[in-house]
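# Survey of secondary and tertiary structure
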Amino acid sequence: MARPALPGVPHLAAGDRPHPALYLANQTKVQVSAVLFHWATIAMIPGMLALAGLLRERAPRTANLGAAVGMVGSASAVSLFMTDFYDLALARNLPADQAVAATAAASDLPGFVYGILLPAFLSHAGALILTVSLAATRVAPWWLPVLVTVGIAIPFLTAEQPPAAQSTGALCQLVAYGWAALRTLRTPLPARG
């Protein structure tokens, strides 16, 4: 099912940035969404440490690798959501064609693509290293990496679907990481000696 078309707004193909008219029509939602994604991504940094903590006793090297990869990716991903504020500002201050051109030019800069965007995907790699290892060592149930994988994949597979369909990926991850958070909170602290 395709997104409903707005009058005067071209249809988006998969991977296209939203048209400036969408930003202007949803200014508060754009800002709230960007802030929520920003803080959710920041929360992944201690989340990676918590997942590694669950794994550390049975697979310390894998725990360290997964945490390092995941934290580098999460730290890089934090800056991605700033682009929504710039896109909104461009939509407010420039004609639509100029705003689209400026966003496209910024998105194609090698520093952005190779220095920020692609490294951000390391957060997914770190999460998968940790959750698959947790399941493989039987610290976590088999469904934990399945939910994380599905949660990562859904936004990519539903790019042209309504936000409610896209958000099911976040729901899958919330369940998976919620389980891990509860497990972490129940884990006794090591005795000090």
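Residues numbered from 1 in each chain as written. Predicted model: local features only at pLDDT ≥ 70, side-chain atom pairs only at ≥ 80, totals over all residues. Heavy atoms only, no water.

## Observations concerning the packing of aromatic side chains
Formally: Each aromatic pair joins two rings of Phe, Tyr and Trp (for Trp, the six-membered one) with centres within 6.5 Å, and gets the label stacked for planes under 30 degrees apart, edge-to-face for over 60, and tilted for any other angle. Numbering of helices and strands runs from the N terminus; a helix is a DSSP stretch of H or I covering at least four residues, while a strand is a stretch of E covering at least two. Relative accessibility under 20% of the residue-type maximum defines a buried residue, over 50% an exposed one, and the middle range a partly exposed one, all with a 1.4 Å probe and only protein chains included.
Summed over all chains, the structure comprises three aromatic pairs. Each ring, one from Phe37 and one from Phe81, has its centre 5.2 Å from the other, and the planes form 10°; the classification is stacked. Here Phe37 is found in helix α2 (residues 27-55), whereas its partner Phe81 is found in the loop between α3 (60-78) and α4 (82-93), with 44 residues between them in sequence. Residue Phe37 is classed as partly exposed on the basis of its relative accessible area, which comes to 46%. Relative to Trp179, the ring of Trp143 has its centre 6.2 Å away and its plane inclined at 75°; by these criteria the two rings are edge-to-face. Here the residue Trp143 occupies a position in helix α8 (residues 143-157), and Trp179 occupies one in helix α10 (residues 168-186), the gap between them amounting to 36 residues. According to the relative accessible area criterion, Trp143 is partly exposed, its value standing at 28%. By relative accessible area, which is 22% here, Trp179 ends up partly exposed.

## Points about the confidence of the model for the protein chain
Put simply, the rule is: Predictor confidence is given residue by residue as pLDDT, running from a minimum of 0 to a maximum of 100. Contact criterion: two residues are considered in contact whenever any of their non-hydrogen atoms come within 4.5 Å of each other.
In this model, the protein chain carries an average pLDDT of 86, and 89% of its residues clear a pLDDT of 70 or more. Within the protein chain, helix α7 (residues 122-136) carries the highest mean pLDDT (96), whereas helix α9 (residues 163-166) carries the lowest (79). Per-residue pLDDT stays below 50 along residues 1-15; that stretch engages in 24 contacts with residues further than four places along the chain or on separate chains.

## Topic: the nonpolar core
Note the threshold: We call a set of buried Ala, Val, Leu, Ile, Met, Phe, Trp, Tyr and Cys residues a nonpolar core when their side-chain atoms join them within 4.5 Å.
Leu51, Leu55, Leu130, Leu134 and Val148 are the most contacted members of the largest nonpolar core, which has 19 residues in total. When contributions to this core are tallied by element, the ones reaching two or more residues are α2, α3, α7, α8 and α10. For Leu130, the contacting residues outside a window of four places in its chain are Met48, Leu51, Ala52, Leu55, Thr62, Ala63, Gly66 and Ala67.

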